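Here is what each chain is made of, one letter per residue.
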Amino acid sequence: MPRFSLSRILSSSVNIKNSKIFALHFTTASPAERFYTHLQKNPNNIEKTLATVKAKLDSTCVIEVLHRCFPSQSQMGIRFFIWAALQSSYRHSSFMYNRACEMSRIKQNPSIIIDVVEAYKEEGCVVSVKMMKVIFNLCEKARLANEAMWVLRKMPEFDLRPDTIIYNNVIRLFCEKGNMIAADELMKGMGLIDLYPDIITYVSMIKGFCNAGRLEDACGLFKVMKRHGCAANLVAYSALLDGICRLGSMERALELLGEMEKEGGDCSPNVVTYTSVIQIFCGKGMMKEALGILDRMEAFGCAPNRVTISTLIKGFCVEGNLNEAYQLIEKVVAGGSVSSGGCYSSLVVELVRTKRLKEAERLFSKMLASGVKPDGLACSVMIRELCLGGQVLEGFCLYEDIEKIGFLSSVDSDIHSVLLLGLCRKNHSVEAAKLAKFMLKKRIWLQGPYVDKIVEHLKKSGDEELITNLPKIGG
């Protein structure tokens, strides 16, 4: 009897231990493990039972579950993703939609979308409009216009009615593909279910027609939009204006610009609108007309920005009319809309691009001497151009001048590597050591493509100090 009681006690003890171990293992399972295990055990109509899983749902969990499902269980992974999007405690970001498309390779295997919808039908799942919108979002991220159209046509089989947002998503996909016949049919089909195009629909269609070279259709649709009581806004006007500038006459563009100025309010042209017109004039070599738009925008009370002025400066440099560029800068700086540093930096960059390096050097030196700070792009472009032209020592001197005014932090990190390599090749060991020490101090790492070449040159020079420091700035 004592022996029997002891065995029962031991057996009971072992069972308690095992149950504790099992419970510990269960409670330490990650949320993704719990969801994935549940999916494996309940492969059919998973949406019904997923809510019973007691686990925290977040982006990390969703990605981990998708990672386990793809590629062998892609349909299950997509269905879990759709279910997760409907939970009140969680919401997919744009990044998550992109990540899901990448992991599932939907673009390469678009039949996954069709398989998921067909599975819903076959299993008698309760499908909502919200679920369909998640599918449309996946189609949009993967640019699957045909599949989105198929899902749209399938919705009535689930007793679902698509709304304007869904139609807009599908129409935009076909517009981006340049299939304006399908896009136009979809827009006209909206009326069959008592839906009406909104401003988003019209803007997508206008952009689509312009990109397809069908300017008259775009202009005609713009008039239809206004007749149907859909008020034009700045976005709609800008879409049409951009198309007219690219495909039509500039006279027609100016007429539309005048209409926008007359309408005022939400239709008033902004700096982006005016700058777009200026870019077209500059691209056509019509600098007088471009300056006229600058005067026009200022008269309308719209101040130019850095992009506006840079566009005009580029136009003058292409023509070789530097005097006009300098006069423009003086005028704009006096007006206070753009800083002198910003204007002159843009001129430096354009001088380099148009192969006027001597003029760029002269201007850059004048800026430093007068206390006008160049921007990071101008600094980087100047140093790089000097190095590529074999003037490495001059590049280093310029580098030191920039350091003195405290503007070195804006210089691109790869410029340091380009400059160090140039100094090593020209055997300027003192300057190379100085630059390497500065890079070490500021924790500026050598860029990958340059490391091996720099090491090779340093070994030849026998400069032990640089060879010692190099691994530290090599990351």
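Residues numbered from 1 in each chain as written. Predicted model: local features only at pLDDT ≥ 70, side-chain atom pairs only at ≥ 80, totals over all residues. Heavy atoms only, no water.

**Side note on the overall build of the chain**
Note the threshold: The helix count covers DSSP runs of H or I at least four residues long, the strand count covers runs of E at least two residues long, and both are numbered beginning at the N terminus. Burial status follows relative accessibility: with a 1.4 Å probe on protein chains alone, a residue under 20% of its type maximum counts as buried, one over 50% as exposed, and anything between as partly exposed. Contacts between residues were defined by any pair of non-hydrogen atoms, one from each residue, lying within 4.5 Å. Reported accessibility uses the Shrake-Rupley method at a 1.4 Å probe radius. Residues are deemed covered only where the shown protein chains occlude them.
If you tally the helices and strands in the chain, you get 27 helices and zero strands. Across the 475 residues in the chain, those meeting the buried criterion constitute 46%. In the chain, the proportion of contacts linking residues at least 24 apart, taken out of those at least 6 apart, comes to 64%. Just so you have it, the chain exposes about 24,500 Å², and 53% of that area is on carbon and sulfur atoms.

**Notes on the packing of helix α5 (residues 74-85) against helix α8 (residues 129-142)**
Applicable threshold: Orientation is described by lines fitted to C-alpha atoms, with helices fitted over the stretch in contact, and by angles between N-to-C directions that extend from 0 to 180 degrees. An angle below 35 degrees is treated as roughly parallel, one above 145 as roughly antiparallel, one from 65 to 115 as roughly perpendicular, and anything else as oblique. Each helix crossing is assigned a hand: it is left-handed if the near helix lies turned anticlockwise from the far helix by less than a right angle, otherwise right-handed if that turn is clockwise. Following the grouping adopted for this structure description, the nonpolar residues are Ala, Val, Leu, Ile, Met, Phe, Trp, Tyr, Cys and Pro, the charged ones are Asp, Glu, Lys and Arg, and the polar ones are all others, Gly among them.
Their axes nearest at 9 Å, the elements α5 and α8 cross at an angle of 120°. Between α5 and α8, the crossing angle belongs to the class labelled oblique. For the pair α5 and α8, the crossing hand works out as right-handed. Residues Ile78, Phe81, Ile82 and Ala85 of α5 form the contact with α8, whose own contacting residues are Met131, Val134, Ile135 and Leu138. Of the residues in the contact of α5 with α8, the class split is eight nonpolar, no polar and no charged.

**Focus on the packing of aromatic side chains**
Aromatic ring pairs: the centre-centre distance and the angle between the two ring planes describe each pair. Threshold: Between rings of Phe, Tyr and Trp, where Trp is taken as its six-membered ring, a pair exists when centres lie within 6.5 Å; planes separated by under 30 degrees are stacked, by over 60 edge-to-face, and by other angles tilted.
One pass over the full model with this rule turns up eight aromatic pairs. With a centroid separation of 5.5 Å and an interplanar angle of 55°, the aromatic rings of Phe35 and Phe80 are classed as tilted. Of this pair, Phe35 sits in helix α2 (residues 31-41) while Phe80 sits in helix α5, and the two are 45 residues apart along the sequence. Judged by relative accessible area, Phe35 falls into the buried class, the value being 2%. Looking at Phe80, the relative accessible area reads 0%, which means it is buried.

**Focus on the pattern of salt bridges**
Using the following cut-off: When a carboxyl oxygen of Asp or Glu is within 4 Å of a side-chain nitrogen of Lys or Arg, the pair counts as a salt bridge.
Tallied over the entire structure, the rule returns 21 salt bridges. Where Asp163 meets Lys133, a salt bridge forms, and the shortest distance between an N and an O atom there is 2.8 Å. Taken together, the residues span a long stretch of sequence, with Asp163 in the loop between α9 (145-154) and α10 (164-177) and Lys133 in helix α8 at a distance of 30 residues. Ionic pairing is found between Glu157 and Lys154, a salt bridge with its closest N-O pair at 3.4 Å. Look at the salt bridges and you will find they share partners, linking Glu47, Arg79 and Glu123 into a network.

**Some remarks on the side chain of Thr164**
Following the sequence through the fold, Thr164 ends up in helix α10. Setting aside residues no more than four positions away along its own chain, Thr164 makes contact with Met190, Leu195, Tyr196, Asp198 and Thr201.

**A few points about the confidence of the model for the chain**
The criterion, for reference: One number per residue, pLDDT, summarises how confident the predictor is, and it ranges from 0 to 100.
Considering every residue of the chain, the mean pLDDT works out to 88; 90% of them sit at 70 or more. This stretch, residues 1-14, has a pLDDT under 50; its non-local contacts, to residues over four places away or in other chains, come to zero contacts. Scored below 50 in pLDDT, residues 16-26 makes one contact in the model with residues more than four places away or belonging to other chains.

**Overview of helix α4 (residues 59-69)**
Residues lying three or four places apart along an α-helix face the same way, a consequence of the helix completing one turn every 3.6 residues. Which entries qualify depends on this criterion: Each C-beta atom gives one direction from the helix axis, and the arc is the one those directions make.
Every buried residue of α4 is listed here: Cys61, Val62, Val65, Leu66 and Cys69. Buried residues in α4, looked at end-on, bunch into an arc of 130°, giving them a common side. Facing away from the buried side of α4 by over 90 degrees, the exposed positions are Thr60 and His67. Residues of α4 that are buried in the fold lie against α2, α5 and α6 (94-104).

**A word on the side chain of His92**
Threshold: A 3.5 Å cut-off defines polar contacts: any pair of N or O atoms within that distance qualifies, except that in protein one atom must be a possible hydrogen donor and the other a possible acceptor, and neighbouring residues in sequence count only when both atoms are side-chain atoms.
Within the secondary structure layout, His92 lies in the loop between α5 and α6. A distance of 2.9 Å separates a polar atom in the side chain of His92 from a polar atom in the side chain of Tyr90. Other than its neighbours up to four places away in sequence, His92 contacts Val62, Phe81, Ala84, Ala85 and Tyr97.

**Comments concerning the environment of Ser74**
Note on placement: Ser74 falls in helix α5. We classify Ser74 as buried; its relative accessible area is 13%. Sequence spacing of Ser74 and Ile112 is 38 residues, and the spatial spacing of their C-alpha atoms is 7.2 Å. With residues near it in sequence (within four places) discarded, Ser74 still touches Cys69 and Ile112. Within the structure, the side chain of Ser74 is placed 3.0 Å from the backbone oxygen of Pro71, a separation counted as a polar contact.

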